[in-house]
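So the chains spell out like this:
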Amino acid sequence: MLQIAFIRQNTALVKERLALKNFGEIALVDELISLDDARKKLQLEFDTTQSKVNAASKEIGQLMAKGQKEAAETAKLEVASLKTTLQPIADQLAATEKKLQEQIVKLPNLPSDKVPPGKTPEDNITIREGGNKPTLHAGAVPHWNLTKKYNLIDFELGNKITGSGFPVYIGKGAKLQRALIQYFLDFNTNAGYTEFIPPHMVNEASAFGTGQLPDKEGQMYFVTEDNFYLIPTAEVPVTNIYRDELLKEADLPVKMTAYTPCFRREAGSYGKDVRGLNRLHQFDKVEIVQIVHPDKSYEVLEEMVNHVEKLLNTLNLPYRILKLCGGDMGFASALTYDFEVWSAAQQKWLEVSSVSNFEAYQTNRMKIRFKDANGKNQLVHSLNGSSLALPRIVACLLENHQTANGIELPAVLHSYFGAQQIN
């Protein structure tokens, strides 16, 4: 979350950057400053009154030592009267601080000055493209037909067991899923990321820490009796590993990767865009997360983008990298790059990864700090990216590599899958 001191010192800038992010409650900035003014006034009143109580209490001891009992009793009455006024001030102060906290978390992160203006995905900027769009044979079909033809995924069975958006992977389909997960993890660990297997449910503090709460509460599955949330991405548990930790500067950067299933309600999704693997409620994803020195986070962001690009290149999939405009960015992000892969049978681009720099927005919520060379505690910056999300990767692999005689797999997957082709 943003810090109130920064908001006070940079009010015009905060409003300008929030407008770039298409945030509709700019007046909240002035409300926060007013609340902070009230908090400061109450804090001063509380401290002044407490100081009087302390001084009068000290005087009572001195008067008693001198045998001036009558004066001491008078002083006791004064202390009692001051304490009576102190509690209401403390209550008002606590209520104001609570209100300030409740309101400040409604502000999204400020977009970086590198973020282009715009309100919709059409305003995103294509940074570069890679790979070649394939020319499919005459009988080519979308992936939902291929999964049925080769008995890879059963969407109807998933609907029977759970509901729409929960597919069942079968035989070679399950094996392909497992092969991709292992390959992605190996690719990440070979680049210096440490692998974790985190919990698949988190508590409220963890969901709040990465910015899922209160922004995405309606998108997460909630276990009511235990107050746990099923994770929408491995970013949530993995980044929270370092919540409330004080790191040494020499420990940075911290590089982590994890495979998890992900759960998203995707409320309001419907139509052709959700067919097959295009949009699911449960899906597999391998994530990369870095916790870095604040001076190096944008350098690391480019490094992570290059890492994901290299991974996509090994899969022989045509892709493009987009820099998201202000209006299409996530709540907690300062700058995001999206990766999209070309679906040859559907003739459309499908998002397969987002790589984002959150600067200190998440780490301020989670109180992840490091001690710098001067012995001062500073907030680190956090970044994360999909490396990669599997459903649309699988969809594009099946569609783009289909032939009349089967589905040819990229060379990097042969040893993981145990074959060169699905037939």
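If you check an unreviewed UniProt entry, the chain appears there as Serine--tRNA ligase from Niastella populi. Quoted verbatim from the Sequence similarities (unreviewed entry) heading of the UniProt record, the comment on the chain is "Belongs to the class-II aminoacyl-tRNA synthetase family. Type-1 seryl-tRNA synthetase subfamily." Checking UniProt for the chain, the heading Pathway (unreviewed entry) contains the comment "Aminoacyl-tRNA biosynthesis; selenocysteinyl-tRNA(Sec) biosynthesis; L-seryl-tRNA(Sec) from L-serine and tRNA(Sec): step 1/1."

Draft legend 1. Quick peek at the domain arrangement of the chain. Partitioning the chain into structural domains gives domain 1 (4–105) and domain 2 (121–422). Domain 1 and domain 2 are separated by 45 Å when their C-alpha centres are compared. With five residues of domain 1 at the interface, the matching set in domain 2 holds 11 residues. Around 490 Å² of area is buried between domain 1 and domain 2 when both sides are counted, 54% of it from carbon and sulfur atoms.

Draft legend 2. Fine view of the pattern of salt bridges. Considering all chains together, one arrives at 10 salt bridges under this definition. Between E303 and K255 there is a salt bridge, with the nearest N and O atoms lying 3.8 Å from each other. Of this pair, E303 sits in helix α10 (residues 297–314) while K255 is found in strand β9 (residues 254–263), placing the two residues 48 residues apart along the sequence. A relative accessible area of 37% means that E303 is categorised as partly exposed. Between E340 and R320 there is a salt bridge, with its nearest N and O atoms 2.7 Å apart. Residue E340 is located in strand β12 (residues 335–343), and its partner R320 is located in strand β11 (residues 319–323); the two are separated by 20 residues in the primary sequence. Members of the salt-bridge network, linked through shared partners, are R8, D36, D37 and R39.

Scoring rules and cut-offs
- Residues numbered from 1 in each chain as written.
- Predicted model: local features only at pLDDT ≥ 70, side-chain atom pairs only at ≥ 80, totals over all residues.
- Heavy atoms only, no water.
- UniProt positions renumbered as here; feature names shortened; annotations may be inferred.
- Domains from an automatic or database assignment.
- Contact = heavy atoms within 4.5 Å.
- Buried area = accessible area lost by both parts, 1.4 Å probe.
- Salt bridge = Lys/Arg side-chain N within 4 Å of Asp/Glu carboxyl O.
- Helix = DSSP H or I, 4+ residues; strand = E, 2+ residues; numbered from the N terminus.
- Buried < 20%, exposed > 50% of the residue type's maximum accessible area, 1.4 Å probe, protein only.

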